[in-house]
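Architecture at a glance
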Amino acid sequence: MLSRHQEGMDPLDAHSLATAFTPLAGLAGGILIGLSAILLMGGLGRVAGVSGIFGALLGRWRPDNAWRALFILGLLAGTILTSLLGGFDSNSMAFPGNPMTTVVGGLLVGLGTTLGAGCTSGHGICGIARLSMRSIVSTGVFMFFAVATVYLMRHVIGAS
Amino acid sequence: MDKLTALLAGLLFGAGITVSGMVNPMKVQNFLDLSGDWDPTLLFVMAAALAVTYAGYQLVLKAPRPRFALAFILPSLQGIDERLIGGAVVFGLGWGLTGFCPGPAVASLVFGYWPSALFVLSMAAGMAIASHLFLGTDESPSDG
């Protein structure tokens, strides 16, 4: 099931599932993410891993949470600015699944990234860039299970 | 300067996941759907981010310490254990189910759609449960 939240869009229109392949925008975005990781390491000596940064903000406040809060604030501001400047059309947002899969998926992502100590940014980009074996293994495993889940959902069960 | 650096790093990160379209969970799920309407964009995002970060880390980690802090805080955990693998499996299931990983999910809050808020709240609950029940602390060791 596809839920769109724009008026005038048919949420059951199967074609709206597809998204355009945008390699140049992808490369540009990847470069910006890389620059962010370099800036955070060169400036503050920290890994740009969003699950770690966001997760630490949920715990007791500690002095080094100031940079984390500012990073998240910047993340939100960067998203707003990029959309305002025409770098992204927020009307193209589309959410797979339904409220139940969203809650279950959120719980799993929170549990998994905390237990596994990182996500797509911390392990997938910063960790692999340090040639960390833990990050290489983690990224391989979560990529594999994400692909398998989507295959099961879309092509076996036929949901989503 | 350290505060400004953190803000600017967040700004660049947000701009990157937004301009690449990764903030849209459908686009990410389409990347994961190898046998469907495959959208390879995420591959290009990862490749560029990795190349830039790898080259940049080579340079900045040569310095004795970061510009605005006392030391580089690099993940101290070593070795492949059940927790790393189990965590990656569970994360992969949730990522596939929703198309959301933490960065894009938090960033997408700004567009005001309810699935973003529902996901981030659930993710925060999952993080709290994991650190209190399994790690016995609210300061979880992290690779990133």
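Residues numbered from 1 in each chain as written. Chains lettered and ligands numbered in written order. Predicted model: local features only at pLDDT ≥ 70, side-chain atom pairs only at ≥ 80, totals over all residues.

1. Quick look at the overall build of chain A
- Helix and strand counts for chain A stand at six helices and two strands.
- Listing each helix as α and each strand as β along chain A from the N terminus yields β-α-α-α-β-α-α-α.
- A buried classification covers 56% of the 160 residues belonging to chain A.
- Nonlocal contacts in chain A, meaning residues at least 24 apart in sequence, comprise 45% of its contacts between residues at least 6 apart. (Helix = DSSP H or I, 4+ residues; strand = E, 2+ residues; numbered from the N terminus. Buried ≥ 20, exposed ≤ 12 C-beta atoms within 10 Å, placed from the backbone. Contact = placed C-beta atoms within 7 Å.)

2. What about the overall build of chain B?
- Within chain B one finds six helices and zero strands.
- Principal-axis analysis of the C-alpha atoms places the extent of chain B at approximately 50 × 35 × 30 Å.
- Across chain B, every contact between residues at least 6 apart in sequence was considered, and the portion connecting residues at least 24 apart equals 42%.

3. Quick look at the interface of chain B and chain A
- Each side of the interface is counted separately: chain B has 110 residues, and chain A has 116 residues.
- Among the secondary structure elements, those contributing two or more residues to the side of chain B that touches chain A are α1 (2-19), α2 (25-32), α3 (41-60), α4 (82-98), α5 (102-108) and α6 (114-134) of chain B.
- At 17 residues, the largest contribution of residues to the side of chain B that touches chain A is made by α1(B).
- In the side of chain B that touches chain A, the residues fall into 69 nonpolar, 29 polar and 12 charged. (Nonpolar A, V, L, I, M, F, W, Y, C, P; charged D, E, K, R; others polar.)

4. A few points about helix α1 (residues 23-44) of chain A
- With 22 residues, α1(A) should cover 32 Å at 1.5 Å per step; its first-to-last C-alpha distance of 31 Å lies within 8% of that length.
- Just beyond α1(A), the residue with positive phi is Gly45(A), at close to 70°. (Expected span 1.5 Å × (residues − 1).)

5. Observations concerning α3(B)
- Taking 1.5 Å as the rise per residue, α3(B) with 20 residues should run 28 Å; its terminal C-alpha atoms sit 28 Å apart, in good agreement.
- Within α3(B), the full set of buried residues consists of Thr41(B), Leu42(B), Phe44(B), Val45(B), Met46(B), Ala48(B), Ala49(B), Val52(B), Thr53(B) and Tyr57(B).
- Those residues of α3(B) that are buried lie in contact with α1 and α5 (122-129) of chain A together with α2 of chain B.

6. Some words on the packing of helix α4 (residues 99-115) of chain A against α4(B)
- Contact pair α4(A) / α4(B): the axes reach a minimum separation of 7 Å and the direction vectors enclose 155°. Put simply, α4(A) runs roughly antiparallel to α4(B). The interaxial crossing formed by α4(A) with α4(B) has left-handed handedness. Across from Thr101(A), Thr102(A), Val104(A), Gly105(A), Gly106(A), Leu108(A), Val109(A), Leu111(A), Gly112(A), Thr113(A) and Leu115(A) in α4(A), the residues of α4(B) making contact are Arg83(B), Gly86(B), Gly87(B), Ala88(B), Val90(B), Phe91(B), Leu93(B), Gly94(B), Trp95(B), Leu97(B) and Thr98(B). (Axes fitted to C-alpha atoms, helices over the stretch in contact; angles between N-to-C directions. Parallel < 35°, antiparallel > 145°, perpendicular 65-115°, else oblique. Left-handed = near helix turned anticlockwise from the far one by under 90°.)

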